[in-house]
Amino acid sequence: MRALALVCTLSPSPSASSSEKLAGQVLAELEKREVTVESVRIADHDVKPGIGVDMGDGDAWPALREKVLAADILLIATPIWLGHPSSICQRVLERLNADSSETDDQGRPLFYGKAAALAVVGNEDGAHNVSADVFQGLNDVGFSLAPGAVTYWVGEAMQGTDYQDLDETPDSVASTTRTLAANTVHLARLLRDAPYQAPAQ
């Protein structure tokens, strides 16, 4: 079982990232459940805008797409900006959309056998809106979502504390992260052992 995290912070490495911190905590919980994990910070790669599989001219998405296709679980981690997912998160969803009409050799959409989950951080409320936006996009392109497929932390409105600045992970976040990991691994194993059939024609 393999999991890939696409971290959609706006900050390239080596800048600290709250999104990456929470994604790392999710991946740690997945590892406890015998899942091999990998994390990619999208801002470190030249992912072109568009809805093509390969936008040419050094586009980094084709190599990342191969990682997505090889994974059983896709985790997207995003900050909240202006109440919405980051622009990089939206770009990832748009690039995933390029495969929405592609099928495997049995006529199933490419992402039908994969589970997805979400990690959200921000300094004001908006996590529910972000999860609604991203869940809809992931579902539209074929990913399956387990119950409790999002973990999030939002700080007090109009304050400057980031998730990465916390001395300890709040119990509620840690508990939600464990639930996300357990349910998503369970769903991914079910999908592996009993795949969806091709859509009826």
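Scroll up a little and you will see the structure.
Residues numbered from 1 in each chain as written. Predicted model: local features only at pLDDT ≥ 70, side-chain atom pairs only at ≥ 80, totals over all residues. Heavy atoms only, no water.

## Some details on unusual backbone geometry
Leaving glycine out, the prevailing phi sign among residues is negative, and the prevailing peptide bond configuration is trans.
Piece 1. With an omega of 10°, the peptide bond between Ser 13 and Pro 14 qualifies as cis.
Piece 2. Position of Pro 14 among the secondary structure elements: in the loop between strand E1 (2–7) and helix H1 (18–32).
Piece 3. Residue Glu 34 is not a glycine yet carries a positive backbone phi of 65°.
Piece 4. Within the fold, Glu 34 resides in the loop between H1 and strand E2 (36–41).
Piece 5. At Asp 57, a position not held by glycine, the phi torsion is positive, near 50°.
Piece 6. With respect to the element layout, Asp 57 can be found in the loop between E2 and helix H2 (61–70). (Helix = DSSP H or I, 4+ residues; strand = E, 2+ residues; numbered from the N terminus.)

## Focus on the nonpolar core
For soluble globular proteins, the rule of thumb is that nonpolar side chains tend to be buried together.
Piece 1. Ile 76 and Leu 96 are the most contacted members of the largest nonpolar core, which has 30 residues in total.
Piece 2. When residues of this core are traced back to their parent elements, those giving at least two are E1, H2, strand E3 (73–81), helix H3 (87–97), strand E5 (115–122) and helix H4 (127–140).
Piece 3. With five residues, the single largest contributor to this core is H3.
Piece 4. Setting aside residues no more than four positions away along its own chain, Ile 76 makes contact with Leu 6, Cys 8, Cys 89, Val 92, Leu 93, Ala 117, Leu 118, Ala 119, Val 134 and Leu 138. (Core = buried A, V, L, I, M, F, W, Y, C linked by side-chain atoms within 4.5 Å. Buried < 20%, exposed > 50% of the residue type's maximum accessible area, 1.4 Å probe, protein only. Contact = heavy atoms within 4.5 Å.)

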